Amino acid sequence: MKKYPFIIGILISLLLVAGVYTTINSKPFALSKYSQHKDFKTIEPAIKDNLQIIKENPENDSAYYSLGQSFFSLGGFDDAIKAFNEAIKIAPDKDYYYAFLAKVYAAKKDYPQAREAYAKASEINPDKLDHYLKLAWLYYFRSNEEGKSYDVLKKGLEKAPNDKDLLFEITR
C-alpha cells in the first residue's frame, strides 16, 4: 500500500470529487430557482430564496439541503453544518445529506465527524459504493489508520465484489 502514495492520493482525490459532484447533482433540490449555482452571483439570492421557502414551510428538507450547499460554497462551514443537520432532522433517511455533511466536516478538517457522517451515509445506503471509498480515504489519508481503511473497503466489497475502484484500493 505504500507504493506510489502521491499518485494514488491524486487518483483517490479525483474519485472523491467526482463522487461528491455526482451526489450533489443527482438529488433533488429545493424549489428555489437558484438552487443549482452556476457562479457565485447566484449563491446569495439562493440563500435568501431558501430562507423564504423554509419560513413558509419549515419541514422542507430540500430547502435546508440547498441552503447548506450555498453556505458551503461561500465557506460558511458552521452555517452549512447547521443547515444539513436541520435537513437530517426532517429526513434522516437521505444518505446524501450525511455525505454532504461529511464533506463540510472534512473541509473543516474535523475528520472524526466526517468519518461519522460517511459511516451513517453508508449505513443508510449500503449500496452506494462512494460512501465506502470516501470513508476509507478519510481513514487512510487523514487518520493513518490503514486497518480501518481496509475494513471499510472490505465491507464495500461484500456489496459489490467486482467493483474495480474498491478492488484497486484494497489491493494497493
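As a reminder, the structure under discussion sits directly above these lines.
Report follows, based on the coordinates.

Each value, and the rule that gives it
Residues numbered from 1 in each chain as written. Predicted model: local features only at pLDDT ≥ 70, side-chain atom pairs only at ≥ 80, totals over all residues. Heavy atoms only, no water. Helix = DSSP H or I, 4+ residues; strand = E, 2+ residues; numbered from the N terminus. Expected span 1.5 Å × (residues − 1). Buried < 20%, exposed > 50% of the residue type's maximum accessible area, 1.4 Å probe, protein only. Arc of directions from axis to C-beta. Phe/Tyr/Trp six-rings, centres within 6.5 Å; stacked < 30°, edge-to-face > 60°. Core = buried A, V, L, I, M, F, W, Y, C linked by side-chain atoms within 4.5 Å. Contact = heavy atoms within 4.5 Å. Axes fitted to C-alpha atoms, helices over the stretch in contact; angles between N-to-C directions. Parallel < 35°, antiparallel > 145°, perpendicular 65-115°, else oblique. Left-handed = near helix turned anticlockwise from the far one by under 90°. Nonpolar A, V, L, I, M, F, W, Y, C, P; charged D, E, K, R; others polar.

This next bit is on helix α2 (residues 43-56). For α2, spanning 14 residues, the distance from its first C-alpha to its last is 20 Å, which sits close to the expected 20 Å at 1.5 Å a residue. Among all positions in α2, only I43, A46, I47, N50, I53 and I54 are buried. Viewed along the axis of α2, the buried residues span an arc of 130°, placing them on a single side of the element. Structural note: α2 exposes E44, K48, K55 and E56 on the side pointing more than 90 degrees away from its buried face.

With phi around 65°, K109 is a residue other than glycine that occupies positive phi space. The topology assignment puts K109 in the loop between α5 (95-107) and α6 (111-124). Judged by its relative accessible area of 60%, K109 is exposed.

For Q52, the location among the structural elements is in helix α2. According to the relative accessible area criterion, Q52 is partly exposed, its value standing at 37%. The spatial distance from the C-alpha of Q52 to the C-alpha of A63 is 9.2 Å, given a sequence separation of 11 residues.

Turning our eyes to something else, we now look at the packing of aromatic side chains. Tallied over the entire structure, the rule returns 8 aromatic pairs. A centroid spacing of 5.1 Å and a plane angle of 35° characterise the contact between F84 and F100, whose relative ring orientation is tilted. Of this pair, F84 sits in helix α4 (residues 77-90) while F100 sits in helix α5, and the two are 16 residues apart along the sequence. With centroids separated by 4.9 Å and ring planes inclined at 80°, the aromatic side chains of Y96 and Y97 adopt a geometry described as edge-to-face. For the pair Y96 and Y97, one class covers both residues: buried. An aromatic cluster of at least three residues, connected via ring pairs, comprises Y65, F72, F77, F84, Y96, Y97 and F100.

Okay, the nonpolar core next. Within the largest apolar cluster, 45 residues are counted, with the highest numbers of intra-cluster contacts made by Y65, F84, Y97, L101, V104 and L166. Those elements that place two or more of their residues in this core are α2, α3 (61-73), α4, α5, α6, α7 (129-142), α8 (146-159) and α9 (164-171). Those residues in contact with Y97 that lie beyond four places of it in its chain are D61, S62, Y65, A87, I88 and A91.

Between α8 and α9, whose axes approach to 10 Å, the crossing angle comes to 150°. When the axes of α8 and α9 are compared, the pair comes out roughly antiparallel. When the axes of α8 and α9 are compared, the crossing they make is left-handed. When α8 is examined against α9, the residues Y150, L153, K154, G156 and L157 are found in contact with a partner set consisting of L166, L167, E169 and I170. Class assignment for the residues of the contact of α8 with α9 results in 6 nonpolar, 1 polar and 2 charged.

An α-helix turns once every 3.6 residues. As a result, residues three or four positions apart point the same way. Taking 1.5 Å of rise per residue, 13 residues should cover 18 Å, and α5 covers 19 Å from first to last C-alpha, within 8% of that figure. With 10 of 13 residues buried, α5 is to be regarded as a mostly interior element. Residues of α5 that are buried: D95, Y96, Y97, Y98, A99, F100, L101, A102, V104 and Y105. Positioned one or two residues after α5, K109 has a phi angle of 65°, which is positive.

On to the environment of A91. Mapped onto the secondary structure, A91 falls in the loop between α4 and α5. In this structure the C-alpha to C-alpha distance between A91 and N60, which are 31 residues apart in sequence, comes to 9.1 Å. If we ignore the near neighbours within four places in the chain, the residues touching A91 are D61 and Y97.

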